[in-house]
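# Structural description and commentary
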Amino acid sequence: MMTTLNAQLDGIEKGRVEISAPIVPEFAQQQGHAHAALSFALGDTAAGYAALTCAPPDHEVVTAEIKINMLAPGRGDRLKAIGRVLKPGRRLIVVAADIYAISDGAETHVAALQGTIVPVPV
């Protein structure tokens, strides 16, 4: 899915991952803004990868639940998601992600996600 969205990994460190993708007409809603599904996909992925940085080496991760609050229209050239681990755990990892629309270098906070990730043995 990230390939379809032309997403790129912009940063990774333990407990934090940054991913961005262009806002293109194919992923816009009827008023021309980035569709909430684009914000959700980037936020869920960034948060999931952030959780993976805290999971045991022989585990993958899956999202158990995640919610999104849309804060502003996603206008601009790109969306950037910053995922972070709020609380790592053996059975559950609580995560969050903030999504920003980037337009001419200015960033607008457009969405906030919070959820639970489950580490699963490979």
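You'll find the structure just up there.
Computed from a predicted structure; not experimentally measured.

## Examining the side chain of serine 39
Mapped onto the elements, serine 39 comes out in helix α1 (residues 36-52). According to the relative accessible area criterion, serine 39 is buried, its value standing at 1%. Excluding residues that lie within four positions of it along the chain, serine 39 makes contacts with Ile68, Met70, Leu79, Ile99, Val110, Ala111 and Leu113.

## A look at the pairing of strand β4 (residues 78-87)
Pairing of strand β2 (residues 16-22) with β4 involves seven bridges; the strand directions are antiparallel. Residue pairing across strands places serine 20 opposite lysine 80, the latter belonging to β4.

## Observations regarding the packing of aromatic side chains
The geometry of two aromatic rings is summed up by the distance between their centres and the angle between their planes. Under the definition given, this model contains zero aromatic pairs. Stacked on the ring of tyrosine 100, the Lys or Arg lysine 80 has its end atom at 5.7 Å from the ring centre.

## Comments concerning the environment of methionine 1
For methionine 1, the location among the structural elements is in the segment before β1 (8-13). Taking C-alpha positions, methionine 1 is 21 Å from histidine 59, a pair spaced 58 residues apart along the chain.

## Focus on the sheet that holds strand β5 (residues 93-103)
A sheet is described by the order of its strands in space; here six strands give the open sequence β1-β2-β4-β5-β6-β3, paired in antiparallel fashion. A single partner strand is all that each edge strand has here, and the edge strands are β1 and β3 (59-70). Sheet twist, expressed as the average angle between the axes of neighbouring strands with direction ignored, equals 20 degrees. In the sheet, β5 pairs with strand β6 (residues 106-121) via 11 bridges, with the strands oriented antiparallel. Each bridged residue has a counterpart across the sheet, and for isoleucine 99 the counterpart in β6 is alanine 111.

## Topic: the environment of alanine 21
Residue position: alanine 21 is located in strand β2. Looking at alanine 21, the relative accessible area reads 0%, which means it is buried. Alanine 21 sits 13 residues away from glutamine 8 along the chain, and the two C-alpha atoms are 6.4 Å apart. Discounting residues that sit within four places of it in the chain, alanine 21 has contacts with Leu5, Asn6, Ala7, Leu42, Arg78 and Leu79.

Reading guide: rules and limits
Residues numbered from 1 in each chain as written. Predicted model: local features only at pLDDT ≥ 70, side-chain atom pairs only at ≥ 80, totals over all residues. Heavy atoms only, no water. Helix = DSSP H or I, 4+ residues; strand = E, 2+ residues; numbered from the N terminus. Buried < 20%, exposed > 50% of the residue type's maximum accessible area, 1.4 Å probe, protein only. Contact = heavy atoms within 4.5 Å. Pairing = 2+ DSSP bridges. Phe/Tyr/Trp six-rings, centres within 6.5 Å; stacked < 30°, edge-to-face > 60°. Lys NZ or Arg CZ within 6 Å of the ring centre and 35° of its normal. Axes fitted to C-alpha atoms, helices over the stretch in contact; angles between N-to-C directions.

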